[in-house]
Amino acid sequence: MRAKIAVVTVSGKAYYLIVRELKKKKVPFISLTPNDPIAMEIKVVLTTEKEKPLINHEKVLTFREGIEPEVLINQALQIV
């Protein structure tokens, strides 16, 4: 299965927490920075609240402190 989720952040903590959960659930993803172009096949982007304004995509989910990464990943999987 090709990746349909992109993790777009330069925040080390957010990246670690999101990616750890994606790997735990064996969900394929790609990693990008906010300046990278996002491929057409990507259905949902995971990023931080601070970086959300930098993302040009119709489906963006934001990671927030205090929210379990599993909740974010489950939302992304529903979209995909």
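You'll find the structure just up there.
In what follows, the accompanying structure is described. Only a predicted model underlies this, so the values are computations on that prediction, with no experimental measurement involved.

### Some details on the environment of Lys50
Okay, step 1: With respect to the helices and strands, the residue Lys50 is situated in the loop between β3 (44-48) and β4 (60-63).
Okay, step 2: The class for Lys50 is exposed, based on a relative accessible area of 76%.
Okay, step 3: Taking the C-alpha atoms as reference points, Lys50 and Gln75, 25 residues apart in sequence, are found 19 Å from one another.

### Some points on helix α1 (residues 12-24)
Okay, step 1: Between its first and last C-alpha atoms α1 spans 18 Å; for 13 residues at 1.5 Å apiece the expected length is 18 Å, and the two agree.
Okay, step 2: Considered for burial, the residues of α1 that qualify are Ala14, Leu17, Ile18, Val19, Glu21 and Leu22.
Okay, step 3: In the stretch just after α1, Lys26 is the one whose phi turns positive, near 55°.

### Re the pairing of strand β1 (residues 5-8)
Okay, step 1: Judged by which residues are buried, β1 turns out to be covered on both faces: Ile5 and Val7 on one side and Ala6 and Val8 on the other are all buried.
Okay, step 2: Inspection of the sheet shows β1 paired to β3 by three bridges, in the parallel sense. From the neighbouring strand, Ala6 faces β3, where its bridge partner is Val45.

Here is what the cut-offs are and how they apply
Residues numbered from 1 in each chain as written. Predicted model: local features only at pLDDT ≥ 70, side-chain atom pairs only at ≥ 80, totals over all residues. Heavy atoms only, no water. Helix = DSSP H or I, 4+ residues; strand = E, 2+ residues; numbered from the N terminus. Buried < 20%, exposed > 50% of the residue type's maximum accessible area, 1.4 Å probe, protein only. Expected span 1.5 Å × (residues − 1). Pairing = 2+ DSSP bridges.

These figures capture arrangement, not role.
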